[in-house]
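Results of the structural survey
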Amino acid sequence: MIVAGIDIGSRASKAVVIKDGALLSTHIGDTGPESVKTSFATMDATLRGTGLTLKDVDYTVATGYGRVLVPFARENVSEISCHARGINWYFPSVRTILDMGGQDCKAIKVDDRGRVTNFVMNDKCAGGTGRFLEMIAEVLNVPLTGIGDLALQSNGAIPFNTICAVFAKSEAIAYLRKGVAKKDILAGLNDAISTRCFNLLKRVKIEADFSISGGIAKNRGMVAKITGKVGLKPLLCEDPQLAGAIGAALFARDRCLGEKSSEMSRAQYGYSDGTGDYFITVDNGACDGCGKCVISCPAHVFELVGNGSSESKAAVKDSCRKKLALVCPGFTSCSHSHASNCHSVCGKGALSHSW
Ligand code: SF4
Ligand code: SF4
């Protein structure tokens, strides 16, 4: 059986081919402006040298930011489920995962089969993401691949007041002009980012074993800072950037074997900022996909999502996640003006607000 997983991320595209349960080939490349072209180029590169063509692949699952734009994928699965599954393939003992991607950061709790039991995503701003580190590397004129090791040489991390992408860039430039060493600036930024990651992880309750996935897991300076904050040494797979694509390929294998996929049981959508925590939690175990919250919400916050092989569940729309507190006043305030709201119509008690 030959299956493939492809992960079209915002910065990098990754694919893997699994043949008879073993990893046959992998590829990591840049995501171009057109996801469809990127998906074909990524898959071509992955199959090169294997003697296989796309027609030989029994089933392909796509994940990541551009997962709906992979024409040859039979199905798409969220990157959260795929990262959880991919990490579980390497380390079944892992219960907490930090996924640091190109443009967002997620804390994920998993069970012994790699099923997501809880997750929280912070994608309000680019601070602390791969894109942010690229920008800082550019400002400091240091190769992206070298920033982790350079930060490790620091003996005096410079404190950063913010990791807002815009302000941190200005702060980094100001420190550079004052003659502060690049290694100390980088160590300070890693410190600030790791604090933010730690706060995210605390929302899902950190439990051993712990792992980090995504491209930033290759940054040794960042991993060292996160290890210090969390107090657990992360288990790192051979290439943490491939975890999502491997998970997608494992879902593809499940489909070929006729097995039902693992689903998320609890999802938290939103962010924390200086004014508070703004998360809407959907208990997927309780949600029956009735859609009443979608109809009742005056702010059109919800949609129903499903991956074709499972029943639909309520989710907060992508377009609302970065501005939740602006579109939704919170349950208490909303119920003063709208007697029929997401909580009152949900007979399953599947929704909660953190503000
Ligand atoms: S109203 Fe409740 S049960 Fe129905 S889709 Fe929304 S969250 Fe799920
Ligand atoms: S509290 Fe009101 S505005 Fe907020 S999600 Fe629920 S129904 Fe929509």
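Residues numbered from 1 in each chain as written. Chains lettered and ligands numbered in written order. Predicted model: local features only at pLDDT ≥ 70, side-chain atom pairs only at ≥ 80, totals over all residues.

1. Examining the overall build of the protein
The number of helices and strands found in the protein is 13 helices and 14 strands. Rg of the C-alpha trace for the protein: 21 Å, near the compact-globule value of 20 Å for 355 residues, within the 12% margin. By its C-alpha atoms, the protein is 65 × 60 × 40 Å across when sized along the principal axes. Relative to its full complement of 355 residues, the protein shows a buried share of 48%. In the protein, 67% of the contacts between residues at least 6 apart in sequence involve partners at least 24 apart. (Helix = DSSP H or I, 4+ residues; strand = E, 2+ residues; numbered from the N terminus. Rg over C-alpha atoms; globule rule 2.2 N^0.38 Å. Buried ≥ 20, exposed ≤ 12 C-beta atoms within 10 Å, placed from the backbone. Contact = placed C-beta atoms within 7 Å.)

2. Quick notes on the packing of helix α2 (residues 79-90) against helix α8 (residues 243-257)
Relative orientation of the contacting elements α2 and α8 amounts to 90°, with a least axis distance of 6 Å. One finds that α2 runs roughly perpendicular with respect to α8. In contact with E79, S81, C82, H83, A84, R85, G86, I87 and W89 of α2, α8 contributes A243, G244, I246, G247, A248, L250 and F251. Residues of the contact of α2 with α8, tallied by class, amount to nine nonpolar, five polar and two charged. (Axes fitted to C-alpha atoms, helices over the stretch in contact; angles between N-to-C directions. Parallel < 35°, antiparallel > 145°, perpendicular 65-115°, else oblique. Nonpolar A, V, L, I, M, F, W, Y, C, P; charged D, E, K, R; others polar.)

3. A few points about the sheet that holds strand β14 (residues 351-353)
On the basis of which strands lie adjacent, the open sheet formed by seven strands has the order β9-β6-β7-β8-β10-β11-β14 and mixed pairing. Taken across any chain shown, the strands that pair with only one partner, and hence form the sheet edges, are β9 (210-213) and β14. Averaged over all neighbouring strand pairs, the angle between strand axes comes to 15°, with direction disregarded. Where strand β6 (residues 96-100) lies against β9, four bridges are found, and the strand directions are parallel. Residue pairing in the sheet places L98 in a bridge with I212 of β9. In the packing of helix α6 (residues 182-204) onto the sheet, contacts are made with β6, β7 (105-110), β8 (116-122) and β10 (266-273), and the angle to β7 comes to roughly 30°. (Pairing = 2+ DSSP bridges.)

4. What to know about the site of ligand 2
Close to ligand 2 lie S296, C297, P298, A299, V301, C328, F331, C334, H338, N341 and C342, which account for all nearby residues. Along the lines of polarity and charge, the residues of the shell around ligand 2 split into eight nonpolar, three polar and no charged. (Near = placed C-beta within 6 Å.)

5. Side note on the nonpolar core
Ranked by internal contacts, the top residues of the largest apolar core, which has 95 residues, are A4, I6, V16, F119, A248 and A249. The greatest single-element share of this core, amounting to ten residues, is contributed by α6. Beyond its immediate chain neighbours, meaning those up to four positions away, A248 contacts G5, I6, D7, V61, A62, T63, V77 and C82. (Core = buried A, V, L, I, M, F, W, Y, C linked by C-beta atoms within 7 Å.)

6. Digging into the sheet that holds strand β5 (residues 75-76)
Strands sit in the order β3-β2-β1-β4-β5 across an open sheet of five strands; the sheet is mixed. Each having just a single partner strand, β3 (22-30) and β5 make up the two edges of the open sheet. Two elements, strand β1 (residues 2-8) and strand β2 (residues 12-19), share seven bridges in a ladder whose sense is antiparallel. Across the sheet, I6 pairs through a bridge with A15, a residue of β2. Its contacts with the sheet place helix α1 (residues 35-47) against β1, β2 and β3, and it is angled at close to 140° to β3. Contacts from α8 reach β1, β2, β4 (59-63) and β5, with the element oriented near 140° to β1.

7. Here we look at the site of ligand 1
Around ligand 1 sit 14 residues, and of these C287, C290, C293, A314 and C346 come closest. When its residues are assigned to classes, the shell around ligand 1 shows nine nonpolar, two polar and three charged.

8. Some details on the domain arrangement of the protein
If you check the domain split of the protein, you get domain 1 (1-79 + 240-263), domain 2 (92-236) and domain 3 (266-353). A separation of 28 Å is found between the C-alpha centroids of domain 2 and domain 3. In this assembly, ten residues from domain 2 lie in contact with ten residues from domain 3. Broken down by secondary-structure element, the contributors of at least two residues to the side of domain 2 that touches domain 3 are β8 and α6. Among the elements that take part in the side of domain 2 that touches domain 3, β8 stands out by supplying six residues, more than any other. (Domains from an automatic or database assignment.)

9. Here we look at the environment of I212
On the secondary structure map, I212 appears in strand β9. Separated by 55 residues in sequence, I212 and A157 have C-alpha atoms that sit 23 Å apart. Every residue in contact with I212, bar those within four places of it in the chain, is listed here: L98, M100, A217, V223, I226, P234, L236 and P240.

10. Focus: unusual backbone geometry
A cis amide bond links A208 with the next residue in sequence, D209, at an omega value of -5°. Here D209 lies in the loop between α6 and β9. Non-glycine residue D20 carries a positive phi angle of around 50°. Positionally, D20 belongs in the loop between β2 and β3.

11. Structural notes on the pairing of strand β13 (residues 313-316)
In β13, alternate side chains face the same way, and those of K313 and A315 on one face and A314 and V316 on the other are all buried. As defined by bridge partners, strand β12 (residues 302-305) adjoins β13 across four bridges and the pair is classed as antiparallel. If you follow L304 over to β13, its bridge partner there is A314.

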